[in-house]
Each structure stands twice: as structure tokens, then as C-alpha cells.
Amino acid sequence: MANQTTRRTLLKGGLAAAGLGMFGWPELALPALAQGEELVPFTDVPDEFGSGALGPTWRVLDIRTITGPLTSRDDFYTIQHFDKPEIDPGAFSLKISGLVERPAELSLADLRGMGSDETVAGFECSGNSPRMIQGLASNGRWTGVRLRTVLEHVGLRDLAREVVFFGADHGEEMVDFRGQTHAVDQPFARSMSRTDALGPDPLLAYALNGEPLTRDQGFPLRLVVPGWYGVSNVKWLTRIRAQQDRFLGKWQARWYRTLWAEEIDGEVSYHETEITRLRVKSVIARVTRAGGRHTVHGFVLHDGTPLQSVEVSVDGGAWQPAALDAATASDTYSWKLFRYDWDGATPGEHTLVSRATDAEGRVQPTAEELEYKQTGLENHQQFPRTVSIA
Ligand SMILES: Nc1nc2c(c(=O)[nH]1)N[C@H]1C(S)=C(S)[C@@H](COP(=O)(O)O)O[C@H]1N2
Ligand SMILES: [Mo]
């Protein structure tokens, strides 16, 4: 572990020294991993990677450093739309209002007293993509109180159909309405249906990997919805409201949505959906060489539906089964690590790609198959990588 940290620090130092900033990707600074094991460099890192498309307060995970199930809290990717509020934990309260029998203001101590459940959950930003080398993804062990416990404590009234979650962060939004624009100050907010909110999994989390959340991760409290895209996991959570109407806020209904095209009887029609459950996706994260043996490592993100297979294809050849890592296989919502023993790798350039299939028969699509999707979010296409074998 200490070695790993040192190597990572070296890697970061190397990035800074090379003048590439925090999202650079120099092939020179490849970290060695275990005794006698080395990384095989990828040759397909796009030029625009690290161009500053991400602001200075966002963090991308260098997926080549994934060597175990959990992402450390200092490496965990981080994204938000506004600033990162600094919340005094002593003064903090979670206000629960709207269509509830017993409105409440709960302190951190109250919440901790209501439960300390744990769930390992991995998620990605729905904007994650090949351009980001898929680094807007991480996996953590979250501790907190089940949302259901808290909602039962306040008692959802029968009329309540939707539960809305508000962060302490906010900003101005321009809302268009029939040619007129209204400027409104809005907190970051997301919603879930009553049924989803009362499900067994959502967690009001106060710890990541056994330590308090950092400010980046939403200290002191965030919602974690296992199996859903990152956007669902409202950070700096300070308010919950139960209501009868659908919630149409920007981050639920407008900014985060996908426009799909589908062909029915020769006619193309379009439909828009919200960003909710993760679409099954595998990513090749690194290739290592030890002695003459090459191994392909990667992860799978999914909505908790059991996986049927993860496969790897080399240079367009037949799909070969990869093995799931036992340390992640048993946690429903964890990302699943996989490895593929690549026998007979020959010197030169090679293309590797993986695909995951779940037990419902949903197959990770190729980029071509995803072309009918008109918008960029939920990009779960297969992710080909090229490596050069010396
Ligand atoms: N309060 C608040 N929560 C938020 C956001 C935000 O802007 N404000 N961004 C969301 C998005 S888009 C993502 S992908 C995840 C990122 O969580 P992380 O920074 O812990 O990885 O937080 C979600 N929760
Ligand atoms: Mo996101």
C-alpha cells in the first residue's frame, strides 16, 4: 500500500514536471505495479485529453492506477456544477418537509443514531466518455443510514409521489418559457419516485471507505443511489421534500436527459429519458506484463443486474471470456474488476476491446450501434484501446 502511494505521488509529480497539468497522460511516467510487473503503454490517448475541458476543481481518475476494488477518497473522481459549499458539521441539519406526517430537522448525530449501513457502490458521471479515458468513474464503500429508514421516520403521506433532494450548492439558471427567459437562483436538486426512494438501497452516506466524506464528496452528507449514474448522488445534501407532482428541475428534467432515436416500422421516432440507472459498460483500464505474460485488466459498471459475461477481443478476433475478480463479484453494486490473460501477444501495435453482457441479455453496444442516440450522455459504448508490445 505504501509503495502504491509512493508510486502514485511520483506519477503526479511526473505529470506536474512534464507541464501537462492534472489531466495529462505522459507515457513516460508509467508506474511500475508489482515486483517484476510493468504497465504496457496505451497508444490511443487522444490529443485533446488534458486540454482543460474540465475545470480546475474537477478530478479524473487515472484508470491505469486501479489495482483494487475501492478507489481511495483522494483519487475518487469529482465533479459538480457550482462551487463546493463548506458546511459546518456542528451547525448542519437535514430538513425534511412537504408531504410528510412529521417534518423533521435531523442533526448528523441524529442520522448516525438511525443507522450505519454499508454498501459498496461504483458509479460514473453520465458524461464519462472515451475522451476522458473513462476516468469519471470510481468505486467506494459508503456508510450511512438508509434513506428508507429516514423516510419512514418522517412518514410519507399517501399523496407523496416524488421525493426531491437538494444540495447546499446553488446558482443562477435561465429558464426559458415561450420566448421569455426567467433568471432564477436554484439549488442543485434531483428527484426519485416514491417507489425508488423507498427501495432498500439508497443511502444517506456520511462516510467513504470508512472515513468521513471529504468536501469534494459532499461533506457531511450525500445521497448514494446504488446502481444509478453519478448525478443521482446529491452531495452536500441539506433538504428533502416530498411532493405530489413530478419534479422538473434543471438537473433532473433538462440538463440530464438522453434523446434516443428508434426505428419502428421503417419510421424514425424520438424519445427523451432521464438519467437514472447505469447502462452496462466495461472498460479496459490497463495492460500489464510480467515476464513474458500479458494481462488485460478492466472494470464493469452496471445497475446491479448480475453479469452474464465480460469478454475481450484482440485485433478484431473472436470474443474470449474474461474472469471476474472475486473481491468485487459478490457486491451487487460494486464495479466488477475483470482480467484477461492475453496469451501470445506479439510485438507491434494491437487493438483490444471488451464488452459486458448482463443477465437480462443487455449487451454493451459498439460505438456504431450507439449512433442512434442523439445526445452525448450515457455513453456506454465499447472502448477499444491500442497498445504497443515491445
Ligand atoms: N450537490 C450536488 N451534488 C452533485 C452534483 C452537483 O453539482 N451538486 N453533481 C452530480 C454529478 S453530475 C456527479 S457525476 C456526481 C459526482 O460525485 P463525486 O464528485 O463524488 O464523484 O455528483 C453529483 N452530485
Ligand atoms: Mo455527472
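For the structure, see preceding data.
Described in the following lines is the structure provided in the data block. Residue numbers restart at each chain and count upward from 1, following the sequence in its written direction. Here the convention is simple: chains get letters from A, ligands get numbers from 1, in the order in which they are written. Side-chain atom pairs in this predicted model are given and counted only at pLDDT of 80 or more, local residue features only at pLDDT of at least 70, and totals for whole chains, interfaces and linings cover all residues. Note that water and hydrogens are dropped before the side-chain values are worked out from all heavy atoms of the structure.

### Some details on the side chain of His294
Counted only if it meets this: Each helix is a run of DSSP H or I of at least 4 residues and each strand a run of E of at least 2, with the numbering of both proceeding from the N terminus. The contact definition used throughout considers only heavy atoms, calling two residues in contact when any of these lie within 4.5 Å.
Tracing the backbone shows His294 in strand E15 (residues 293-301). Ignoring sequence-local partners within four residues, the contact set of His294 consists of Val40, Thr288, Arg289, Tyr340, Asp341, Trp342, Ala345 and Ile389.

### Remarks on the nonpolar core
What counts here: Nonpolar core, defined: a set of buried Ala, Val, Leu, Ile, Met, Phe, Trp, Tyr and Cys residues in which side-chain atoms within 4.5 Å join the residues together. Summary of the burial criterion: residues with accessible area below 20% of their type's maximum are buried, those above 50% are exposed, and those between are partly exposed, where the area comes from a 1.4 Å probe applied to protein chains only.
Residues Leu94, Leu111, Leu147, Phe165, Leu204 and Ile240 are the most contacted members of the largest nonpolar core, which totals 41 residues. When contributions to this core are tallied by element, the ones reaching two or more residues are strand E2 (94-98), strand E3 (104-106), helix H2 (108-114), helix H3 (147-154), strand E6 (162-177), strand E7 (180-193), strand E8 (203-208) and strand E11 (237-243). For this core, the leading source of residues is H3, giving four residues. Here Phe165 is in contact with Leu147, Phe188, Ala189, Arg190, Ser191, Met192, Leu223, Val234, Leu237, Arg239 and Ile240, once residues within four sequence places are set aside. Grouped together as the second largest cluster of nonpolar side chains are 20 residues, Ala322, Trp342, Leu352 and Ala356 included.

### Topic: the sheet that holds E3
Think of a sheet as strands paired side by side through backbone hydrogen bonds, with each pair either parallel or antiparallel. As a reminder of what qualifies: Only strands that DSSP links by at least two bridges are regarded as paired with each other. To obtain an axis, a line is fitted to C-alpha atoms, over the contacting stretch when the element is a helix, and the angle between two such axes runs from 0 to 180 degrees between their N-to-C directions.
Read across the open sheet, the five strands follow the order E3-E2-E11-E6-E7; overall the sheet is mixed. Of all strands in the sheet, those with a lone pairing partner are E3 and E7, marking the two edges. Across the sheet, the axes of successive neighbouring strands diverge by a mean angle of 35°, strand direction being ignored. Bridge count for E6 against E11 is six bridges, and the pairing is antiparallel. The residue bridging Val163 from the neighbouring strand is Ala242, located in E11.

### Considerations on H3
Because the α-helix completes a turn every 3.6 residues, residues three or four places apart line up on one side. Threshold: Note that the arc is computed from the directions linking the helix axis to the C-beta atoms.
Of all the residues in H3, the buried ones are Leu147, Val150, Leu151 and Val154. In an axial view of H3, the angular spread of the buried residues amounts to 100°, which keeps them on one side of the axis. Looking one or two residues beyond H3, the residue adopting positive phi is Gly155, at roughly 75°.

### Things to note about the packing of aromatic side chains
Going by this rule: Two aromatic rings from Phe, Tyr or Trp, using only the six-membered ring of Trp, form a pair when their centres are within 6.5 Å; if the ring planes differ by under 30 degrees the pair is stacked, by over 60 it is edge-to-face, and anything between is tilted. Lysine NZ or arginine CZ positioned within 6 Å of the ring centre and within 35 degrees of the ring normal marks a charge as sitting over the ring.
Tallying each qualifying case throughout the model produces 12 aromatic pairs. Here the aromatic rings of Trp260 and Tyr372 are separated by 6.1 Å at their centres, their planes lie at 35°, and the arrangement is tilted. Here Tyr372 lies in the loop between strand E20 (348-358) and strand E21 (385-389) and Trp260 lies in strand E12 (residues 257-264), a separation of 112 residues in the sequence. Taken together, a centroid distance of 4.7 Å and an interplanar angle of 25° make the contact between Phe299 and Trp335 stacked. With Phe299 in strand E15 and Trp335 in the loop between helix H6 (326-329) and strand E19 (336-342), this pair connects stretches of sequence that are 36 residues apart. We classify Trp335 as buried; its relative accessible area is 1%. Grouped by ring-pair contacts, the aromatic residues Phe82, Phe188, Trp251, Trp255 and Tyr256 constitute a single cluster. Taking NZ or CZ as reference, Arg112 lies 4.3 Å from the ring centre of Tyr206, over its face. Between the NZ or CZ atom of Arg385 and the centre of the ring of Phe42, over which it lies, the distance is 3.6 Å.

### Observations concerning the site of ligand 1
Keep this limit in mind: Any residue with at least one heavy atom within 4 Å of a molecule or strand is counted as near it. Polar contact is the term for a pair of N or O atoms within 3.5 Å; when the atoms are in protein, one must be able to donate a hydrogen and the other to accept it, and sequence-neighboring residues count only if both atoms are side-chain atoms. The nonpolar class holds Ala, Val, Leu, Ile, Met, Phe, Trp, Tyr, Cys and Pro. Asp, Glu, Lys and Arg form the charged class, and all remaining residues, Gly among them, are polar.
Around ligand 1, a shell composed of 18 residues is seen, among which Tyr77, His81, Asp169, Arg222 and Lys235 lie nearest. Within the side chain of Thr78, a nitrogen or oxygen atom sits 3.0 Å from an oxygen atom of ligand 1. The separation between a nitrogen atom of ligand 1 and a polar side-chain atom of Asp169 is 2.7 Å. For the shell around ligand 1, the per-class residue count stands at nine nonpolar, six polar and three charged.

### A look at the pattern of salt bridges
For clarity, the threshold we go by: The rule for a salt bridge is simple: a side-chain nitrogen of Lys or Arg has to be within 4 Å of a carboxyl oxygen of Asp or Glu.
Within this structure, the stated rule accounts for 20 salt bridges. With a shortest N-O distance of 2.7 Å, Glu272 and Arg257 are connected by a salt bridge. Within this pair, whereas Glu272 is found in strand E13 (residues 267-274), its partner Arg257 is found in strand E12, the two being separated by 15 residues in sequence. Take Glu272: its relative accessible area is 49%, and that puts it in the partly exposed class. Under the relative-accessibility criterion, Arg257 is labelled partly exposed at 37%. Because the salt bridges share partners, they merge into one network encompassing Arg59, Lys84 and Asp216.

### A look at the sheet that holds E15
Pairing within the open sheet is antiparallel, and its five strands lie in the order E1-E14-E15-E19-E18. Only two strands of the sheet have a single neighbouring strand rather than two, namely strand E1 (37-39) and strand E18 (323-324). Sheet analysis places E18 next to E19, joined by two bridges and oriented antiparallel. When the sheet's bridge partners are listed, Leu324 is paired in E19 with Phe338.

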